[in-house]
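Overview (structure and organization)
Here's the letter readout for the chains.
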Amino acid sequence: MRRAAVARHFNTDPLAEGERRVALETYLDRHVDGPCAPVLRALREGQWPLDEARYAVALDALAWQVVRTQAFRSFD
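Everything numeric here is computed off the predicted structure, so don't read it as measured data. (Residues numbered from 1 in each chain as written. Predicted model: local features only at pLDDT ≥ 70, side-chain atom pairs only at ≥ 80, totals over all residues. Heavy atoms only, no water.)

Secondary structure assignment for the protein chain yields 3 helices and 2 strands. By residue count, 17% of the 76 residues in the protein chain fall in the buried class. Within the protein chain, residue pairs in contact and separated by at least 24 positions form 38% of the contacts whose partners lie at least 6 positions apart. On the protein chain, roughly 6300 Å² of surface is accessible, and the fraction owed to carbon and sulfur atoms is 56%. (Helix = DSSP H or I, 4+ residues; strand = E, 2+ residues; numbered from the N terminus. Buried < 20%, exposed > 50% of the residue type's maximum accessible area, 1.4 Å probe, protein only. Contact = heavy atoms within 4.5 Å. Areas by Shrake-Rupley, 256 points an atom, 1.4 Å probe, with all protein chains shown as cover.)

Structure below.
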């Protein structure tokens, strides 16, 4: 289970000379994972319903989970 959702460099793009572009990973950290962490924590603690702003953050994070799959990447 520990490695079920792990893929090395999944959110990076290869560049010349072995370097990697991390724009997507940086975006996800700043705009998805970071803001969503406290919302997920609140949900785990049983805080429901969420206020409108936190609900929007949770929906956005769930939508990004679809984009972050191998199936979506193959389609794209």
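L28, V32, C36, A61 and W64 together form the largest nonpolar core, which totals 5 residues. The element contributing the most residues to this core is helix 1 (residues 23-44), with 3 residues. When near neighbours in sequence (up to four residues on either side) are disregarded, W64 contacts L24, Y27, L28 and V32. (Core = buried A, V, L, I, M, F, W, Y, C linked by side-chain atoms within 4.5 Å.)

All right, on to unusual backbone geometry then. That bond from W48 to P49 is cis: its omega, 0 degrees, falls within 30 degrees of zero. Looking at the element boundaries, P49 is found in the loop between helix 1 and helix 2 (52-67).

What follows is about the environment of L28. Inspection of the secondary structure assignment puts L28 in helix 1. L28 sits in the buried class, given a relative accessible area of 0%. Sequence separation between L28 and W64 is 36 residues, and the spatial gap between their C-alpha atoms is 8.6 Å.

Attention now goes to the confidence of the model for the protein chain. Residues at a pLDDT of 70 or more form 75% of the protein chain, whose mean pLDDT is 81. Looking over the protein chain, one finds the lowest element-wise mean pLDDT in strand 1 (residues 13-14), namely 67, and the highest in helix 2, namely 92. (pLDDT = per-residue confidence, 0-100.)

A contiguous nonpolar patch, built from L40, L43, W48, Y55, L59 and L62 and spanning about 620 Å² of accessible area, is present on the exposed surface. If you list the elements that add at least two residues to the nonpolar patch, you get helix 1 and helix 2. The element that contributes the greatest number of residues to the nonpolar patch is helix 2, accounting for 3 residues. Summarising the element assignment, L62 is placed in helix 2. Residue classification places L62 among the exposed positions, given a relative accessible area of 56%. (Patch = residues over 30% accessible without salt bridge, like charges linked within 9 Å, V, L, I, M, F, W, Y side chains within 5 Å. Salt bridge = Lys/Arg side-chain N within 4 Å of Asp/Glu carboxyl O.)

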